Amino acid sequence: MLKKFICLLGLSLWILSASICFAELQSPDKILNQIYLGQPLEEIQQNFSLELKKHDDKKKITTYEAFINPLEGYDVSIDQPITLEFYNGKLAAVSIYGKMGTPKNRLEHHNKLNKIIQNVWGEPIHSETNRDDGEGKINTWIPKGENLMFITAYIDLSKLPGNKTAISSITIQFLSKNKEPKLQ
């Protein structure tokens, strides 16, 4: 009886420690994989090759490009490289663009990006459609009580002279880069 109790206790502790480790690795945005907001630059550099694009000492922001697919597992294609922005050495924003394509394909891509966020965070707090020289759609999410902001954008460039393409993108970032993230 004591042996069974010790085995059950050991198993329970193992499951608890595994779930705590998984929770610590989950991005606070609950969408990204392979990287997470708040992750130290050094940790990402251990796993991925980053190319420095810009450094602003005054703002404490460093921008890199990398060949990472943080939306792996979702039915959505992205263009490479993606842009990673670090504030004080921690990942503060990720910008991902879809491949240039026909307006219909890019609008479908935009809708897929929206669906990914909606499945986790619900409807956007702001949606805007603009039709000056082309069609643009922007959706913004700021989850209540979270230091997060999500923006999806779609721009139909085919309305501009000499252009037949469109682009869609997603940006996931901390609302305030000065706040430390809470991992969930």
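The rules behind these values
- Residue numbers here run from 1 along each chain, matching the order of that chain's written sequence.
- With pLDDT at 70 or above as the cut-off, local features in this predicted model cover only qualifying residues; side-chain atom pairs require 80 or more to be listed or tallied, and sums for whole chains, interfaces and linings still use all residues.
- Side-chain measures here rest on the full set of heavy atoms in the structure, leaving out hydrogens and waters.
- Side-chain rings of Phe, Tyr and Trp, where Trp is taken by its six-membered ring, are said to pair if the distance between their centres is within 6.5 Å; with planes under 30 degrees apart they count as stacked, over 60 as edge-to-face, and otherwise as tilted.
- Each helix corresponds to a stretch of at least 4 residues labelled H or I by DSSP, and each strand to a stretch of at least 2 residues labelled E; elements are numbered beginning at the N terminus.
- To sort residues, take the accessible area from a 1.4 Å probe on protein chains only and compare it with the maximum for the residue type: under 20% means buried, over 50% means exposed, and anything in between is partly exposed.
- Contacts were defined at the residue level, with two residues in contact if any of their heavy atoms lie within 4.5 Å.
- Between the first and last residue of a helix there are one fewer steps than residues, each counted as 1.5 Å, and that sum is the expected span.
- Should DSSP find at least two bridges between two strands, the strands are regarded as paired.
- As a rule, the C-alpha atoms of each element are fitted with a line to give its axis, helices using only the stretch in contact, and angles between N-to-C directions run from 0 to 180 degrees.
- Residues belong to a common nonpolar core when they are buried Ala, Val, Leu, Ile, Met, Phe, Trp, Tyr or Cys residues joined through side-chain atoms within 4.5 Å.

Caption draft 1: Region of interest: the packing of aromatic side chains. Inspection of the entire model under this criterion finds two aromatic pairs. Taken together, a centroid distance of 5.6 Å and an interplanar angle of 85 degrees make the contact between Y64 and F86 edge-to-face. In this pair, Y64 sits in strand β2 (residues 61-66) while F86 sits in strand β3 (residues 82-87), placing the two residues 22 residues apart along the sequence. Each member of the pair Y64 and F86 is classed as buried.

Caption draft 2: Region of the structure containing the side chain of Q173. Examined against the element boundaries, Q173 turns out to sit in strand β8 (residues 166-174). Beyond its immediate chain neighbours, meaning those up to four positions away, Q173 contacts L37, A92, A93, N147, L148 and M149.

Caption draft 3: Fine view of the environment of S176. Positionally, S176 belongs in the segment after β8. On the basis of relative accessibility, which here comes to 25%, the residue S176 falls in the partly exposed class.

Caption draft 4: Focus on helix α3 (residues 103-121). Between its first and last C-alpha atoms α3 spans 26 Å; for 19 residues at 1.5 Å apiece the expected length is 27 Å, and the two agree. Close packing links the buried residues of α3 with β6 (135-141), β7 (148-156) and β8.

Caption draft 5: Representation of the sheet that holds strand β5 (residues 126-130). Spatial strand order, β1-β2-β3-β4-β8-β7-β6-β5: eight strands in an open sheet with antiparallel pairing. On the outer flanks of this sheet lie β1 (50-56) and β5, each paired with one strand and no other. Neighbour-to-neighbour, the strand axes of this sheet turn through a mean angle of 15 degrees, independent of strand direction. Of the strand pairs in this sheet, strand β4 (residues 90-97) and β8 are connected by five bridges, and their pairing is antiparallel. From the neighbouring strand, A93 faces β8, where its bridge partner is Q173. Lying over the sheet, α3 contacts β6, β7 and β8, oriented at roughly 165 degrees with respect to β7.

Caption draft 6: Representation of the nonpolar core within the structure. Counting 31 residues, the largest nonpolar core has L84 and V94 as the members making the most contacts within it. Mapped onto this core, the elements with two or more residues apiece are α2 (41-47), β2, β3, β4, α3, β7 and β8. In contact with V94, other than residues within four places in its own chain, are L32, I35, L37, P70, I82, T83, L84, I170, T171 and I172.

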